[in-house]
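Reading the structure
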Amino acid sequence: MGSLLNVFKWLWYHINYIIIFVTPLVLLPLPLVIPTPEARCGYVIILMALYWCTECMPLAVTALLPVVLFPMMGIMKAGDVSIEYLKDSNMLFMGGLLVAIAVEHWNLHKRIALRVLLLVGVRPSLLMIGFMIVSAFLSMWISNTATTAMMLPIAHAVLQQLQVTEARAEEQDLQTAAEDNLGFELESKEEITDEKKPDTKLQLENGVVQPQVTQEPMQEFGRKAMEAKYDLLTKGMSLSVCYSASIGGTATLTGTTPNLILKGQMDKLFPGNGDVINFASWFGFAFPNMVLMLAISWLWLQFMFLGFNLKKSFGCGVKSDRDKEAYAVMRGEYKKLGGMKFAEGAVLTIFILLVLLWFTREPGFIPGWATVLFNKDDAFVSDGTVAVFMSMLFFIIPSRLPTFGSYGFTEAGKRIKAPPALLNWQVVHERMPWNIILLLGGGFALAAGSEISGLSKWLGESLAPLQKIPPFAISILLSLLVATFTECSSNTATTTLFLPILASMATAIQLHPLYVMLPCTIAASLAFMLPVATPPNAIAFSFGNLKVVDMVRAGFMLNIIGILCINLGINTWGYAMFNMGTFPQWANNTQSQP
């Protein structure tokens, strides 16, 4: 029995190697028995899906498999596959990330967060709203993981201070109560007898009996009740930060990777789509959806962790001492940042200019600046062009105003002859997630292989019977499927696998491709139930004394809320924005771009 157990342990320890070597052999009959391009491409996709789901190899390494397998199986030439790995969407991703790196490097995100929290206040419900709004806003522009990692320590510092001050106030209340209940005057020492309650000791001082605070049972009960209250509050605050970071990432095209994958897949599969997905159009649909999801999520978390005693949660009137002390903690953190430096102002200016240029490039209702200046004959300038141009300024603009005086000295004591630029390549190299660029490229390569091999067409024909199901039901069911799948798989891998299939299905049943692709893309970011589902969940799990059951209970309802909100959006303002009632002409032409 012991030897059998050891064998199982050995197999479990080496499970990744077993999956890597056994899976291709198990799937090999597919291309051998059905020697068609569709079957060969299907073999590659199934193999990559299993590798991505099990993470037996790094996700980015799995994304490189088409470079090897497509040429060897006669699906695509090596040069054609390789060119898929650096598209316009990758440039947009890189430009957006360079902005995020600059914001983080100069601590601008922390200044924004603390400023907003100081405005909101420290009452529990207001604090939760404040943290959720700030986390959602920051994750629209910087990574969800960085947002969560920055916000959680601030939240915990404030909660700890609230707990300490409340404990002190409770102790003082008990002391006062004991004096009021037990303090009475005695005429002489002799009148004091030893017939007292065992948990109350009295001491005579100036003819008055003073209680010595030894009401241990009452104090112990109060302490435990307060610890339970703050344990629940800490859980709620931790979950509110990580969930709102994931929700906020859905609001902008560069907020999270699945959004960019949709943009890339649309341009790849439907090249004549007229730039239907750009920064402005995505924001127009996704931002109201994000606000709706955030508001309902706050109500659910409020109900779960704070209850609905609104007077107590929101508070009114003058701040108590405990509120003032917790507020002082945040103010102290803000003061540590000092005055706003030139570098922070420069980064903020570039960031605001970038967002304005994105919104006005092609707003939709009027010709944008790109159309007037550059895109009269063809779409030369894209959101990626703007992102890269603006992010290049970080390497040109100095971090301090030029002066004829001294710039100070380095830590090694050397004189600084000229101020460094806002960013240097070493910082970018350390913080840029290069693996995501390969993941994006792997998705585009898969889409190209599916198109060229005929697998997309075959899938579309196979899914044609779905035409009998109402479109709204298809959208909800597919969103549920993707949201479930993304709990145990990377949201990037999930979107990469599902979107080409959904595009084929929509074309086959004459349904607007965005009607299913858009909800499923956002649903891929609704990974709320498990600590391993996303890095923000894992960070919150390690910070907030959470159990898996806490995350499952809160996250399950948030998944349902998210899916309902997305499908509400796609059937109301999204329906009008993208003209979902008609099957677009550009969707008939499924010949992808070279």
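Nothing here was measured: the structure is a model prediction, and the numbers come from that model.

Reading the values: rules and limits
Residues numbered from 1 in each chain as written. Predicted model: local features only at pLDDT ≥ 70, side-chain atom pairs only at ≥ 80, totals over all residues. Heavy atoms only, no water. Helix = DSSP H or I, 4+ residues; strand = E, 2+ residues; numbered from the N terminus. Buried < 20%, exposed > 50% of the residue type's maximum accessible area, 1.4 Å probe, protein only. Contact = heavy atoms within 4.5 Å. Areas by Shrake-Rupley, 256 points an atom, 1.4 Å probe, with all protein chains shown as cover. Phe/Tyr/Trp six-rings, centres within 6.5 Å; stacked < 30°, edge-to-face > 60°. Lys NZ or Arg CZ within 6 Å of the ring centre and 35° of its normal. Salt bridge = Lys/Arg side-chain N within 4 Å of Asp/Glu carboxyl O. 1 Å grid on protein atoms, 1.4 Å probe; cavity = no way out; pocket = protein on both sides within 12 Å on 5 of 7 lines; lining within 4 Å. Points joined across faces, edges and corners; volume = space filled by probe spheres on them. Nonpolar A, V, L, I, M, F, W, Y, C, P; charged D, E, K, R; others polar. pLDDT = per-residue confidence, 0-100. Core = buried A, V, L, I, M, F, W, Y, C linked by side-chain atoms within 4.5 Å.

Further remarks concern the overall build of the protein chain. Helices and strands together make up the secondary structure of the protein chain, namely 28 helices and two strands. Split into buried and exposed, the 594 residues of the protein chain put 49% on the buried side. At a minimum sequence separation of 6, the contacts of the protein chain that also span at least 24 residues come to 77%. Accessible surface, the protein chain as shown: approximately 28500 Å² in total, 66% of it carbon and sulfur.

Attention now goes to unusual backbone geometry. We note that Asp275 has phi near 55°; this positive angle belongs to a residue other than glycine. Along the chain, Asp275 falls in the loop between α13 (257–269) and α14 (279–305).

On to the packing of aromatic side chains. Summed over all chains, the structure comprises 17 aromatic pairs. A cation sits over an aromatic face here: Arg111 above Tyr334, 5.8 Å from the ring centre.

Before going further, it helps to examine the pattern of salt bridges. Within the structure shown, the criterion is met by 10 salt bridges. Salt-bridge contacts for Lys263 lead to Asp267; the nearest nitrogen and oxygen are separated by 3.3 Å. One end of the pair, Lys263, and the other, Asp267, are both in helix α13, four residues apart, so they sit about a helical turn from each other. What makes Lys263 buried here is its relative accessible area of 4%. Between Asp275 and Arg361 there is a salt bridge, with the nearest N and O atoms lying 2.6 Å from each other. Here Asp275 is found in the loop between α13 and α14, whereas its partner Arg361 is found in helix α17 (residues 342–361), with 86 residues between them in sequence.

The subject of this paragraph is the layout of surface pockets. If you add up the space inside the largest pocket, you get close to 880 Å³. Residue lining of the largest pocket: 38 residues in total, with Ser143, Thr145, Thr257, Ile436 and Pro535 positioned closest to the centre. Going through the elements one at a time, α8 (88–105), α11 (144–182), α21 (434–453), α24 (491–508) and α26 (535–543) are the ones with two or more residues in the lining of the largest pocket. For the lining of the largest pocket, the element with the highest residue contribution is α8, accounting for six residues. Looking at the lining of the largest pocket residue by residue, the classes come out as 17 nonpolar, 17 polar and four charged.

With that out of the way, let us pick up the confidence of the model for the protein chain. Put simply, the protein chain has an average pLDDT of 81, and 84% of its residues get 70 or more. At the low end of the mean pLDDT range in the protein chain sits strand β1 (residues 201–205), at 44; at the high end sits helix α25 (residues 513–523), at 93. Counting contacts from residues 184–214, a segment whose pLDDT is below 50, to residues more than four positions away or on other chains yields 37 contacts. The model gives residues 590–594 a pLDDT under 50, and that stretch makes 14 contacts with residues more than four places away or in other chains.

Below, the discussion takes up the environment of Cys488. Considering the arrangement of structural elements, one finds Cys488 in the loop between α23 (471–485) and α24. The class for Cys488 is exposed, based on a relative accessible area of 54%. In this structure, the C-alpha to C-alpha distance between Cys488 and Thr534, residues 46 residues apart in sequence, is 9.2 Å.

One finds Trp52, Phe131, Met151, Tyr243, Met266, Val516 and Met517 to be the most contacted residues of the largest nonpolar core, which totals 165 residues. Among the elements that make up this core, the one with the highest residue count is α14 (13 residues). If sequence neighbours within four positions are ignored, Phe131 has contacts with Leu117, Met151, Ile154, Ala155, Met237, Val241 and Ser244.

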